[in-house]
Amino acid sequence: MFFDHRVLENNDSSTNSKSNMFEASMIIKMVAYLIKNGTNPKDITILATYMKQALIIKRLVENEKLYGIRV
(Lines give C-alpha, C1' and ligand atoms only; values in the text may rest on other atoms or scores of the structure.)
Protein backbone atom coordinates (compact mmCIF):
# COMPACT_ATOMS: atom_id res chain seq x y z
CA MET A 1 0.00 0.00 0.00
CA PHE A 2 1.14 3.51 -0.71
CA PHE A 3 -0.37 6.78 0.48
CA ASP A 4 0.48 10.42 -0.07
CA HIS A 5 0.34 13.26 2.47
CA ARG A 6 1.86 16.67 3.19
CA VAL A 7 3.11 16.14 6.79
CA LEU A 8 6.87 16.73 6.97
CA GLU A 9 9.40 14.50 8.76
CA ASN A 10 11.15 15.37 12.00
CA ASN A 11 14.95 15.36 11.83
CA ASP A 12 16.82 13.89 14.80
CA SER A 13 20.30 15.40 14.78
CA SER A 14 21.55 13.04 17.52
CA THR A 15 20.88 9.94 15.40
CA ASN A 16 21.02 11.56 11.97
CA SER A 17 17.67 9.91 11.21
CA LYS A 18 14.13 11.02 10.41
CA SER A 19 10.69 10.15 11.71
CA ASN A 20 7.08 11.05 11.07
CA MET A 21 4.50 10.21 13.75
CA PHE A 22 1.63 10.89 11.35
CA GLU A 23 2.96 8.24 8.94
CA ALA A 24 3.63 5.77 11.74
CA SER A 25 0.12 6.16 13.12
CA MET A 26 -1.42 5.79 9.67
CA ILE A 27 0.61 2.62 9.04
CA ILE A 28 -0.64 1.09 12.29
CA LYS A 29 -4.22 1.88 11.28
CA MET A 30 -3.68 0.25 7.87
CA VAL A 31 -2.20 -2.86 9.49
CA ALA A 32 -5.11 -3.10 11.95
CA TYR A 33 -7.52 -2.82 9.00
CA LEU A 34 -5.75 -5.62 7.12
CA ILE A 35 -5.83 -7.90 10.17
CA LYS A 36 -9.52 -7.18 10.84
CA ASN A 37 -10.22 -8.17 7.24
CA GLY A 38 -8.49 -11.53 7.48
CA THR A 39 -4.83 -10.94 6.69
CA ASN A 40 -2.54 -13.11 8.78
CA PRO A 41 -0.19 -10.81 10.78
CA LYS A 42 2.74 -13.06 9.82
CA ASP A 43 2.09 -12.07 6.18
CA ILE A 44 2.58 -8.35 6.92
CA THR A 45 5.94 -6.60 6.73
CA ILE A 46 6.34 -2.85 7.29
CA LEU A 47 9.30 -1.27 5.50
CA ALA A 48 10.74 2.00 6.80
CA THR A 49 13.47 4.01 5.14
CA TYR A 50 14.80 5.56 8.36
CA MET A 51 15.92 3.76 11.54
CA LYS A 52 14.15 6.26 13.81
CA GLN A 53 10.89 5.68 11.91
CA ALA A 54 11.29 1.90 12.21
CA LEU A 55 11.79 2.21 15.98
CA ILE A 56 8.63 4.31 16.34
CA ILE A 57 6.63 1.83 14.27
CA LYS A 58 7.98 -1.11 16.31
CA ARG A 59 6.89 0.63 19.51
CA LEU A 60 3.40 1.27 18.12
CA VAL A 61 3.12 -2.36 16.92
CA GLU A 62 3.93 -3.51 20.46
CA ASN A 63 1.55 -0.99 22.06
CA GLU A 64 -1.30 -2.13 19.82
CA LYS A 65 -0.41 -5.80 20.43
CA LEU A 66 -0.10 -6.51 16.70
CA TYR A 67 1.92 -9.65 17.24
CA GLY A 68 3.59 -11.28 14.26
CA ILE A 69 4.13 -8.06 12.27
CA ARG A 70 7.66 -7.60 10.93
CA VAL A 71 9.20 -4.14 10.85
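Residues numbered from 1 in each chain as written. Predicted model: local features only at pLDDT ≥ 70, side-chain atom pairs only at ≥ 80, totals over all residues. Heavy atoms only, no water.

**Student:** What exactly am I supposed to notice about the overall build of the protein here?
**Tutor:** Counting its secondary structure elements, the protein contains two helices and two strands. Listing each helix as α and each strand as β along the protein from the N terminus yields β-β-α-α. At 12 Å, the protein has a C-alpha radius of gyration in line with the 11 Å of a compact globule built from 71 residues. Principal-axis analysis of the C-alpha atoms gives the protein an extent of 40 × 20 × 15 Å. Long-range pairs, those at least 24 residues apart, make up 58% of the contacts in the protein with a sequence separation of at least 6. Counting every atom, the protein has about 5,500 Å² of accessible surface; 54% of that belongs to carbon and sulfur. With 10 positive and 7 negative side-chain charges, the protein shows a separation of 4 Å between the mean positions of the two kinds. (Helix = DSSP H or I, 4+ residues; strand = E, 2+ residues; numbered from the N terminus. Rg over C-alpha atoms; globule rule 2.2 N^0.38 Å. Contact = heavy atoms within 4.5 Å. Areas by Shrake-Rupley, 256 points an atom, 1.4 Å probe, with all protein chains shown as cover. Lys, Arg positive; Asp, Glu negative; His and termini not counted. Charge placed at Lys NZ, Arg CZ, Asp CG, Glu CD.)

**Student:** Any chance you could explain the nonpolar core here in plain terms?
**Tutor:** The tendency in soluble globular proteins is for nonpolar side chains to be buried as a group. Among the nonpolar cores identified, the biggest contains twelve residues, and these are A24, I27, I28, V31, I44, I46, I56, I57, L60, V61, L66 and I69. When contributions to this core are tallied by element, the ones reaching two or more residues are helix 1 (21–36) and helix 2 (51–63). Apart from the residues lying within four places of it in its own chain, the contact partners of I57 are A24, I27, I28, I46, A48 and V71. (Core = buried A, V, L, I, M, F, W, Y, C linked by side-chain atoms within 4.5 Å. Buried < 20%, exposed > 50% of the residue type's maximum accessible area, 1.4 Å probe, protein only.)

**Student:** Teacher, can you tell me more about a nonpolar patch on the surface here?
**Tutor:** A surface patch of nonpolar side chains, amounting to about 300 Å² of accessible area, comprises F3, V7, F22 and M26. If you trace the backbone, M26 turns up in helix 1. Under the relative-accessibility criterion, M26 is labelled partly exposed at 30%. (Patch = residues over 30% accessible without salt bridge, like charges linked within 9 Å, V, L, I, M, F, W, Y side chains within 5 Å. Salt bridge = Lys/Arg side-chain N within 4 Å of Asp/Glu carboxyl O.)

**Student:** So what exactly am I meant to see when it comes to the side chain of N20 here?
**Tutor:** Counting through the fold element by element, N20 comes out in the loop between strand 2 (17–19) and helix 1. Residue class for N20 comes out buried when judged on its relative accessible area of 1%. A polar contact is formed between the side chain of N20 and the backbone nitrogen of F22, at a distance of 3.0 Å. The residues touching N20, leaving out its near neighbours within four places in the chain, are H5, V7, L8, E9 and Q53. (Polar contact = N/O pair within 3.5 Å; in protein donor to acceptor, adjacent residues only side chain to side chain.)

So yeah, pure geometry; function would need other evidence.
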